[in-house]
Amino acid sequence: MELRQLEYFVAVAESGSFTRAAERVHVAQPGVSAQIRRLERELGHALLDRSGRTVTLTDVGVAVLPLARAALASVESARRTVEEMAGLVRGSVRVGMVVSCGIMELPELLSEFHSAHPAVEITLAEANSDELISSLVDGRLDFALVGYAGTEPEGLSVRVLADEPLVAAVAASDPWYGRESVPLDELLERGLISLPPGTGLRGALDTACGARRPRIAFEASAPPMVITLAQRGLGPAILAASMVSGLHTVRITDPSPHSRLAFAWRAEGPHSPAARALIGLAEKQVTTI
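Everything quoted here is computed from the prediction, not taken from an experiment.

Caption draft 1: Molecular detail of the overall build of the chain. Assigned secondary structure in the chain consists of ten helices and twelve strands. Structurally, the chain occupies a C-alpha span of about 70 × 50 × 30 Å along its principal axes. Buried residues in the chain amount to 44% of all 289 residues. Counted over contacts in the chain with a minimum sequence separation of 6, partners at least 24 positions apart contribute 72%. Summed over all atoms, the accessible surface of the chain reaches about 14600 Å², with 52% contributed by carbon and sulfur. In the chain, the 27 positive side-chain charges and the 34 negative ones have mean positions that sit 5 Å from each other.

Caption draft 2: Structural view of helix 5 (residues 105-116). Here helix 5 contains twelve residues, and its C-alpha end-to-end distance of 17 Å stays within 8% of the 16 Å for a straight helix at 1.5 Å per residue. Those residues of helix 5 not exposed but buried are Glu105, Leu106, Leu109, Leu110 and Phe113. Viewed end-on, helix 5 has its buried residues packed into an arc of 125°, placing them on one side of the element.

Caption draft 3: Quick look at the nonpolar core. In terms of nonpolar packing, the biggest core is built from 34 residues, with Val93, Leu106, Leu109, Phe143, Val146, Phe263 and Leu278 touching the most fellow members. Of all the elements in the fold, those that place two or more residues in this core are strand 3 (92-98), helix 5, helix 6 (129-137), strand 5 (143-148), strand 6 (156-170), strand 12 (258-266) and helix 10 (273-288). In terms of residue count, helix 10 provides more of this core than any other element does, seven residues in total. In contact with Phe143, not counting residues within four places along its chain, are Arg94, Val95, Gly96, Leu106, Leu109, Leu136, Phe263, Ala264, Trp265, Leu278, Ile279 and Ala282. Ala168, Ala204, Cys209 and Ala240 belong to the second-largest nonpolar core, a separate cluster that totals 32 residues.

Caption draft 4: Seen up close, helix 1 (residues 3-15). The terminal C-alpha atoms of helix 1 lie 18 Å apart, and with 13 residues this matches the ideal 18 Å at 1.5 Å per residue to within 8%. Residues of helix 1 that are buried: Gln5, Leu6, Tyr8, Phe9, Val10, Ala11, Val12 and Ser15. Just beyond helix 1, the residue with positive phi is Gly16, at close to 70°.

Caption draft 5: Here's a closer look at the packing of helix 2 (residues 18-25) against helix 3 (residues 29-43). Running from N to C, helix 2 and helix 3 cross one another at 105°; their axes reach a closest spacing of 8 Å. Classed by the angle they form, the pair helix 2 and helix 3 counts as roughly perpendicular. The residues of helix 3 that touch helix 2, namely those facing Phe18, Thr19, Ala22 and Val25, are Gln29, Val32, Ser33 and Ile36. Looking at the contact of helix 2 with helix 3 residue by residue, the class counts come to five nonpolar, three polar and no charged.

Conventions adopted
Residues numbered from 1 in each chain as written. Predicted model: local features only at pLDDT ≥ 70, side-chain atom pairs only at ≥ 80, totals over all residues. Heavy atoms only, no water. Helix = DSSP H or I, 4+ residues; strand = E, 2+ residues; numbered from the N terminus. Buried < 20%, exposed > 50% of the residue type's maximum accessible area, 1.4 Å probe, protein only. Contact = heavy atoms within 4.5 Å. Areas by Shrake-Rupley, 256 points an atom, 1.4 Å probe, with all protein chains shown as cover. Lys, Arg positive; Asp, Glu negative; His and termini not counted. Charge placed at Lys NZ, Arg CZ, Asp CG, Glu CD. Expected span 1.5 Å × (residues − 1). Arc of directions from axis to C-beta. Core = buried A, V, L, I, M, F, W, Y, C linked by side-chain atoms within 4.5 Å. Axes fitted to C-alpha atoms, helices over the stretch in contact; angles between N-to-C directions. Parallel < 35°, antiparallel > 145°, perpendicular 65-115°, else oblique. Nonpolar A, V, L, I, M, F, W, Y, C, P; charged D, E, K, R; others polar.

The structure is reproduced here in structure tokens:
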């Protein structure tokens, strides 16, 4: 039994696909399949059910998966211990960023980190905030720039970069053009233009609405498209004030939704030397903002 076989097995189990697992471990798909079949022959049982469109675990696979994860974690812990004793910062750090975020603090942070620790491999992925938060909690990411509303996400430490009110941004042809504010009750009577569920801004809107549901007439995955739709007179765009250009902004009141943008990482649990170095640098950067 080899560690790479366990790594490939875990990758397939978590992704539900040999193709996605191969991309994750940077190995050709036939190589991943061959190594897992060797592992299954050695154990004398199938670990994966390949009969459906999605690869699933057999009963034996379900039992083996936590043991495989534990074995890989132990090896990684041993490697980190050796690096710490040698005073090295190597390895990799996995970073996430909220989709279509124009804030420059993260690129600047990564640039400074790379200059200080060129031996560390940095990977960066974009996703909605809900997915990023989930990936931080379960260890798939080490560090992320996320948006959220209300209290800090459970299980994470955060350093807030921006705390902004949401506004309704409208074109000159809109009935609200020229208004300074609009109460939330009145806002809910309109068809709105918004980012999708899972984003920090949409979470702030939904939190403010409580049990009521906003009527979303148009949903776009990136702020520029939300703005474009509003410029065409299709309704109020719900965005953070700093995102808006070319539109008239109307404050939302009673209550006023707020969205926070923050650096985030797991509050507890082991961090690699590389991840700890990045977190330490981020904490210093936030204090100077």
